[in-house]
Amino acid sequence: MKKDYEISVVILNYKQKNLTKKAALNLLTQKGINLSIIIVDNNSLDGSYEYLHKTFENYDNIKVIYNNENSGYAQGNNFGVKKAIELFNPKYIGIMNPDVLLPKENTLNTVINFLNNNSDVSAATGFMFEMGKNLNLYNFAWKCPDKFDDIIMNIPILYRFFNPVKYKKLNVGKSGELFVDVIPGSFFVIRTQDFVKVNMFDEETFLYGEERILGRKIKNQGKKICVLPYIYYYHNHPYKKEGLKKKIKSYMILYKSRYYYNKKYNTLPNFVILPLLHISFLLGIIDFTLEQLLLKIILKFRG
């Protein structure tokens, strides 16, 4: 039987069981809301599901479910959202990474109260503080790419000097909220009915680009997305040293998502944008590889 919860927060776990446990326990400290949590183990195969299931098996408002394949961020979260709707019937959905913590006990309540009072806003979040509690002013929100934006972003040397999705000015609402196109997928709250209406995350992406597509779809519905400057969260994303081969692999996954986005959502015709996108990708691979090799040579001589 469904229970009507105010919000269900979905945490997608992949080989991060300790962080996921910490994130869920941190959520339980939130005050003033009727909260449920769905933890999705995305086929970790490291004992994560068993560990998390045992940890939370006696919590009525926490369900740990298993996804039979590591199908990526979009499909994994959608899987959790569908289960949240089935079990808890929440008015709002929260999406939260395992490495996110909410330092204040009223964070979710404040976001929900804002959304309750602003029916034209679909989704909201706060400022993201990265490791070391540093506020990254480039990553808390950005514009939806269009036309030739991804051409520029595919080539590191161009992107470094000209970021076409960076905000220079922001539209500020009556309560200080900042109206933006895209917010990070690490943490946000969205109306369940709006999320379902736009068919949730686009499952044609695996790791990158989910936020921009969601932002585009919400914008197409005539709804808004906000960053609340009086709300913040910690995103303790570990930065690992990666070799050139792994970096190129990640770049190729990123390009696959950008290609899909431009093919489906760019306002330019496919015959215009897609060939240029391929050319920019090849130039980007050359630029990126040379840059990494040069950096390696410099570090070698310094060492």
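Residues numbered from 1 in each chain as written. Predicted model: local features only at pLDDT ≥ 70, side-chain atom pairs only at ≥ 80, totals over all residues. Heavy atoms only, no water.

### Thoughts on empty space enclosed by the protein
Stage number 1. The final tally for this structure, using the stated rule, is one cavity of 30 Å³ or more.
Stage number 2. Looking at the largest cavity, its volume works out to about 60 Å³.
Stage number 3. Lining the largest cavity are Ala123, Asp181, Val182, Ile183, Pro184, Gly185, Phe188, Glu211, Leu214, Gly215, Ile218 and Ile225.
Stage number 4. Sorting elements by how many residues they give to the lining of the largest cavity places helix 8 (residues 210-220) first, with four residues.
Stage number 5. In the lining of the largest cavity, the residues fall into eight nonpolar, two polar and two charged. (1 Å grid on protein atoms, 1.4 Å probe; cavity = no way out; pocket = protein on both sides within 12 Å on 5 of 7 lines; lining within 4 Å. Points joined across faces, edges and corners; volume = space filled by probe spheres on them. Helix = DSSP H or I, 4+ residues; strand = E, 2+ residues; numbered from the N terminus. Nonpolar A, V, L, I, M, F, W, Y, C, P; charged D, E, K, R; others polar.)

### Brief notes about the pattern of salt bridges
Side-chain pairing between opposite charges can occur once the charged atoms of the two side chains come close.
Stage number 1. Enumeration over the complete set of coordinates arrives at eight salt bridges.
Stage number 2. One salt bridge connects Lys264 with Asp202, and the closest N-O pair in it is separated by 3.6 Å. With Lys264 in helix 9 (residues 244-265) and Asp202 in the loop between helix 7 (192-197) and helix 8, this pair connects stretches of sequence that are 62 residues apart.
Stage number 3. One salt-bridge network, in which partners are shared between bridges, spans Asp150, Arg212 and Arg258. (Salt bridge = Lys/Arg side-chain N within 4 Å of Asp/Glu carboxyl O.)

### Quick word on the packing of aromatic side chains
Stage number 1. Within the structure shown, the criterion is met by 15 aromatic pairs.
Stage number 2. Ring centres of Phe56 and Tyr59 lie 5.5 Å apart, and the angle between their planes is 65°; this geometry places the pair in the edge-to-face category.
Stage number 3. Seen in terms of ring centroids, Phe188 and Phe201 are 6.3 Å apart; in terms of plane orientation they differ by 80°. Their pairing is edge-to-face. Taken together, the residues Phe188 in strand 10 (residues 187-191) and Phe201 in the loop between helix 7 and helix 8 connect sequence positions 13 residues apart.
Stage number 4. A relative accessible area of 2% means that Phe188 is categorised as buried.
Stage number 5. The exposure class of Phe201 is buried, given its relative accessible area of 2%.
Stage number 6. In this structure an aromatic cluster arises from ring pairing among Tyr73, Phe188, Phe195 and Phe201.
Stage number 7. Geometry around Tyr261 places Arg212 over its ring, the cationic atom sitting 4.6 Å from the centre. (Phe/Tyr/Trp six-rings, centres within 6.5 Å; stacked < 30°, edge-to-face > 60°. Buried < 20%, exposed > 50% of the residue type's maximum accessible area, 1.4 Å probe, protein only. Lys NZ or Arg CZ within 6 Å of the ring centre and 35° of its normal.)

### Topic: the pairing of strand 11 (residues 224-235)
Stage number 1. Note: strand 5 (residues 100-101) against strand 11, two bridges, orientation antiparallel. For Leu101, the partnering residue across the bridge sits in strand 11 and is Tyr234.
Stage number 2. In this sheet, strand 11 lies alongside strand 6 (residues 121-130) in parallel orientation, the contact comprising eight bridges. Looking at the pairing, Thr125 lines up with Val227 of strand 11.
Stage number 3. Sheet topology places strand 9 (residues 178-180) next to strand 11; three bridges connect them, and they run antiparallel. Counterpart to Leu178 in the pairing with strand 11 is Val227. (Pairing = 2+ DSSP bridges.)

### Here's the deal with helix 1 (residues 17-27)
For an α-helix, 3.6 residues make a turn, and residues three or four places apart therefore share a direction.
Stage number 1. Listing the buried residues of helix 1 in full gives Thr20, Ala23, Ala24, Asn26 and Leu27. Across the axial projection of helix 1, the buried residues extend over an arc of 160°, all falling on one side. Turned more than 90 degrees off the buried face of helix 1, the exposed positions are Asn18 and Lys22.
Stage number 2. Those residues of helix 1 hidden inside the fold are in contact with strand 1 (7-13), strand 2 (35-41), helix 2 (48-56), strand 4 (92-96), strand 5 and helix 4 (107-116). (Arc of directions from axis to C-beta. Contact = heavy atoms within 4.5 Å.)

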